[in-house]
Amino acid sequence: MPKYCLDHFLQRNCLAFLTENNVLSVHQSGFRNNHSTETAVIHVVDHILQHMDKQQVTGAVFVDLKKAFDLVDHECLFYKLEHYGIRGQTMSWFRNYLTNRTQRVNYANELSPSRVLNYGVPQGSVLGPLLFVLHINDLPKCLLSCSISMYADDTIIYFSGSDTNEII
């Protein structure tokens, strides 16, 4: 089976497994059926409008990580995949897929030595976005007093209160 077929097969099946087992955060609109960038924005706008009706203001932080897919720690991701129930041959495949990846740079016709990558998921791949989403899937659990809306690597963290001091 060609590699691209296996990538698509694993992506579809992993997504089906994650959906069936309610693994993906309800705050994540990326890679969920009947969700889109619009869904993520609608959650935030609804929150703001509800709180405006209560005479409250809302503060928000828009997070767009630069090179987000390059920040994924492989060992952390493997731990999370296992925690979410991905084990056996599927887990072995993911380890094989990400482990011992190398990179080198060509500058002024000089090729650098290859370096092993311990971070990052392949950009432009079918699996990269899903693996990134799983890597940040537990982010909403870290927020105690504010709300969050995510679409893949784009995140809005927001809080409403009676005045700006309360928000700060």
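All values reported here derive from a predicted model rather than from experimental measurement. (Residues numbered from 1 in each chain as written. Predicted model: local features only at pLDDT ≥ 70, side-chain atom pairs only at ≥ 80, totals over all residues. Heavy atoms only, no water.)

**Some details on the confidence of the model for the chain**
Step number 1: Per-residue confidence for the chain gives a mean pLDDT of 90; residues scoring 70 or more make up 98%.
Step number 2: Averaged over each element, pLDDT in the chain is lowest for helix 1 (residues 3-20) (81) and highest for helix 3 (residues 74-83) (96). (pLDDT = per-residue confidence, 0-100. Helix = DSSP H or I, 4+ residues; strand = E, 2+ residues; numbered from the N terminus.)

**Some details on the layout of surface pockets**
Step number 1: Volume-wise, the largest pocket comes out at about 160 Å³.
Step number 2: Considering the residues around the largest pocket, the lining is formed by Asp 70, His 74, Arg 101, Thr 102, Gln 103, Leu 117, Asn 118, Tyr 119, Gly 120, Val 121 and Pro 122.
Step number 3: It is strand 2 (residues 101-103) that provides the largest number of residues to the lining of the largest pocket, a total of three residues. (1 Å grid on protein atoms, 1.4 Å probe; cavity = no way out; pocket = protein on both sides within 12 Å on 5 of 7 lines; lining within 4 Å. Points joined across faces, edges and corners; volume = space filled by probe spheres on them.)

**Observations regarding unusual backbone geometry**
Step number 1: If you check the backbone angles, Asn 22 has positive phi at about 50° while not being a glycine.
Step number 2: Relative to the helices and strands, Asn 22 resides in the loop between helix 1 and helix 2 (37-53).
Step number 3: Residue class for Asn 22 comes out exposed when judged on its relative accessible area of 68%.
Step number 4: For Gln 55, which is not glycine, the phi torsion reads 65° and is therefore positive.
Step number 5: Looking at the element boundaries, Gln 55 is found in the loop between helix 2 and strand 1 (57-64). (Buried < 20%, exposed > 50% of the residue type's maximum accessible area, 1.4 Å probe, protein only.)

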